[in-house]
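Below, each chain spelled out in residue letters.
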Amino acid sequence: MLNSVAFSCARDGLTAMLRSGLLGGYDGAGAWVLALDNLRNGDEQLMVETHEGLHHELQASTGYGLISAMALLLSKRGFRPLVLPELFDVMVEGSRQTHEVFATTLSASLAGVRQTRSVLDGNATYLGYLERGLGLAGTGVIPWHFRETAAASVLRCSMAPVHVFDLLETGFARMRRTDITDAARPDRRLKAFEAAGGPDGWGAVLSELASAHPDRGVLRGDADRRDLSDDEELDSLRRFEEEVVLRRCYEYVSEVLAGAGMPSVAWEDQARVALALKAAVAEVDAVLSERLNVVTERRPVLDDALEYDRQKIVLRDRLPVEMVDSAHTPGLLDAFTLGDSDDHRHVCGVWLSREVARKQFSLPEGAKLPELIVALLAVARTADGRQVVRLGLLPSTTTPRQCQTLLGETPLLVLTSHLTLTDPSAVDMLGRVEPVFVLMDLPVAWHVDDWCGQGAHVRMGLVPLEGLASGDLLMAAFTLDRQPAFRFICIGGKVGVSLLAEQLRGRHGVRGDRGGHVEVDGTFLRDDAAAFNQVLNHVFSAWHVLDQDAVS
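Everything numeric in this text was worked out from a predicted model, so none of it was measured. (Residues numbered from 1 in each chain as written. Predicted model: local features only at pLDDT ≥ 70, side-chain atom pairs only at ≥ 80, totals over all residues. Heavy atoms only, no water.)

Asker: For the overall build of the protein chain, give the residues involved together with the corresponding values.
Answerer: In terms of helices and strands, the protein chain carries 21 helices and 19 strands. Taking all 552 residues of the protein chain together, 55% fall into the buried category. For the protein chain, the proportion of contacts with a sequence separation of at least 24, taken over those separated by at least 6, is 69%. Taken as a whole, the protein chain presents about 23700 Å² of accessible surface, with 50% of it coming from carbon and sulfur. (Helix = DSSP H or I, 4+ residues; strand = E, 2+ residues; numbered from the N terminus. Buried < 20%, exposed > 50% of the residue type's maximum accessible area, 1.4 Å probe, protein only. Contact = heavy atoms within 4.5 Å. Areas by Shrake-Rupley, 256 points an atom, 1.4 Å probe, with all protein chains shown as cover.)

Asker: With reference to specific residues and values, describe helix α2 (residues 63-76).
Answerer: For α2, built from 14 residues, the straight-helix expectation of 20 Å at 1.5 Å per residue is met to within 8% by its first-to-last C-alpha distance of 20 Å. Of the residues one or two after α2, Gly78 is the one with positive phi, at around 95°. (Expected span 1.5 Å × (residues − 1).)

Asker: Pulling in residues and values, what's your account of the pairing of strand β7 (residues 319-324)?
Answerer: Sheet topology places β7 next to strand β10 (residues 361-362); two bridges connect them, and they run parallel. Residue pairing for β10: Leu319 is matched across the bridge by Phe361. Pairing of β7 with strand β12 (residues 387-394), which is carried by four bridges, proceeds in the parallel orientation. Counterpart to Glu322 in the pairing with β12 is Arg390. (Pairing = 2+ DSSP bridges.)

Asker: Tell me what's going on with unusual backbone geometry, and back it up with residues and numbers.
Answerer: With omega at 0°, the peptide bond leading from Glu434 into Pro435 counts as cis. Following the sequence through the fold, Pro435 ends up in the loop between α17 (424-430) and β14 (436-439). One non-glycine residue, Arg80, lies in the positive phi region at around 45°. Overall, the relative accessible area of 16% leaves Arg80 in the buried class.

Asker: Before we move on, can you summarise the packing of aromatic side chains with the specific residues and values?
Answerer: Across all of its chains, the model carries ten aromatic pairs by this definition. With a centroid separation of 6.3 Å and 85° between ring planes, the pair formed by Phe193 and Tyr252 is classed as edge-to-face. With Phe193 in helix α10 (residues 186-195) and Tyr252 in helix α12 (residues 231-259), this pair connects stretches of sequence that are 59 residues apart. The burial state of Phe193 is the same as that of Tyr252; both residues are buried. Among the aromatic residues, those joined into a ring-pair cluster are Phe146, Phe193, Trp202 and Tyr252. Taking the ring centre of Phe165 as reference, the NZ or CZ of Arg272 above it sits at 4.1 Å. (Phe/Tyr/Trp six-rings, centres within 6.5 Å; stacked < 30°, edge-to-face > 60°. Lys NZ or Arg CZ within 6 Å of the ring centre and 35° of its normal.)

Asker: Give me the pattern of salt bridges: which residues, what numbers.
Answerer: On inspection of all chains with the given rule, the structure shows 23 salt bridges. Of the charged contacts, one joins Glu131 and Arg117 as a salt bridge, the two residues approaching to 2.7 Å between their closest N and O atoms. Of this pair, Glu131 sits in helix α7 (residues 124-135) while Arg117 sits in helix α6 (residues 113-119), and the two are 14 residues apart along the sequence. Looking at Glu131, the relative accessible area reads 35%, which means it is partly exposed. Since its relative accessible area comes to 33%, Arg117 is described here as partly exposed. (Salt bridge = Lys/Arg side-chain N within 4 Å of Asp/Glu carboxyl O.)

Asker: Go over the confidence of the model for the protein chain with me, naming the residues and quoting the values.
Answerer: Here the protein chain averages 83 in pLDDT, while 81% of its residues score no lower than 70. Taken element by element, the protein chain is modelled with least confidence in strand β5 (residues 302-303), mean pLDDT 37, and with most confidence in α10, mean pLDDT 98. pLDDT under 50 marks residues 1-5. Its contacts with residues more than four places away, or in other chains, come to eleven contacts. Below a pLDDT of 50 lies the segment residues 297-307, which in the model reaches 33 contacts outside its immediate sequence neighbourhood of four places, other chains included. (pLDDT = per-residue confidence, 0-100.)

Asker: Would you mind going over the nonpolar core in detail, with residue names and values included?
Answerer: Within the largest apolar cluster, 71 residues are counted, with the highest numbers of intra-cluster contacts made by Ile67, Phe146, Phe172, Phe193, Trp202 and Leu277. In terms of residue count, α12 provides more of this core than any other element does, nine residues in total. When sequence neighbours within four positions are dropped, the list of residues in contact with Phe146 reads Trp202, Val205, Leu206, Leu209, Val245 and Cys249. (Core = buried A, V, L, I, M, F, W, Y, C linked by side-chain atoms within 4.5 Å.)

Listed below in structure tokens is the structure:
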């Protein structure tokens, strides 16, 4: 099941389905989930994937969102574990409409308003969020780029009550749910903007911008979707929109809300909010505070650099495990041998930490397992038709070479996880054979940054995954010259992995001072194509979730 989801995206009429029709969900602090088996098609996945990411973007770029996110993170780290979750819940309830309108409306930027309406056909709730968001910029026909910016400004400003400074002065050691005033609740601020006639005033703002910047084409553009220019023009357009248009729109919304008795954080004070938040977190958790990087040159003003690494792809509920004792595994090798001919026969062996196995599979209650689980793996069906993961245990000291000796001429496929490799003994055990396939269940961008910082030459290849699951997924695979045995694998939604790859290429496409860099080179994927395909089949048939969030 999907637990602790603060903002959920659900399709109407699917409550009888698995996970009550949940398509995706954002936990309010940083992780978002795509329930892949509930998505109807690629268009819906793209919208949901973007939608959940936008929840995070709004949380991470506004004072109200950051305070609620930090309250949850601090409680998860053991600080005021009873009081801060109550504060978080109150803040979520006070911003739910604002969040959903923001995420639904801005997700239309990708496909256009008409296509978004088509995807949402039959979903009255989310069509309502879309229409409300579009209406925040008034009823007139205006270019989409301005309607999008105007609506986003309303919703961002709704999430920026000046009361956040009072909350941060109170501090997380004393802050509680009763400190959230009515004027600080984003949903009430959003209603106040609408009630004050705010949507009717955008025509004057648009005319003002057009007069002040006649060469920027403020009045030009498609009403349905954004017209994209070439890279150089796009960069100039982005700077103009962020530095001029977005600021003027935000200031207009702030003026309307001030007239309604609901003052907002001034545009120029947003960086001050981030600095105050970092200081407030430092008072109670210096380690967490150090992970927060204040960014003043662009939004969001607080960025922890994990970005789409936060995405979770839920494949299924955890499958129950049928355990074979290590004393009996050698006599049951046929039960783990897959392939329709001698040329394609193989056995999958897994080297997984106990925590990773618990996260991915439903282990038998009371099972006593070593810290490092070494086992043969196959998905099977019981006599009554239930699907299970069959694990043929081997002694935890078994190396891949010893396992291969046991199998004889049947090839061994070696599969582990990135978290498992944080144990140096696992690295030593697995690094002596090649290839070893590593599912990346730790933050990908952070590790690639670290590899390049140490001077490693990292090769990256991208492959669309078709026919393995119901959604549009991409695989990013990596090798590095410092650890040539390992093939690191990251699997995620099309948007997430594409942006991750662009981020890595942008950061490390040029050789650094120590020689570290990322080279886009998929030759290693072709060299090991059959084995990659086998790994993917095992993962998509047995695993519960794909993410970079260790064992949470």
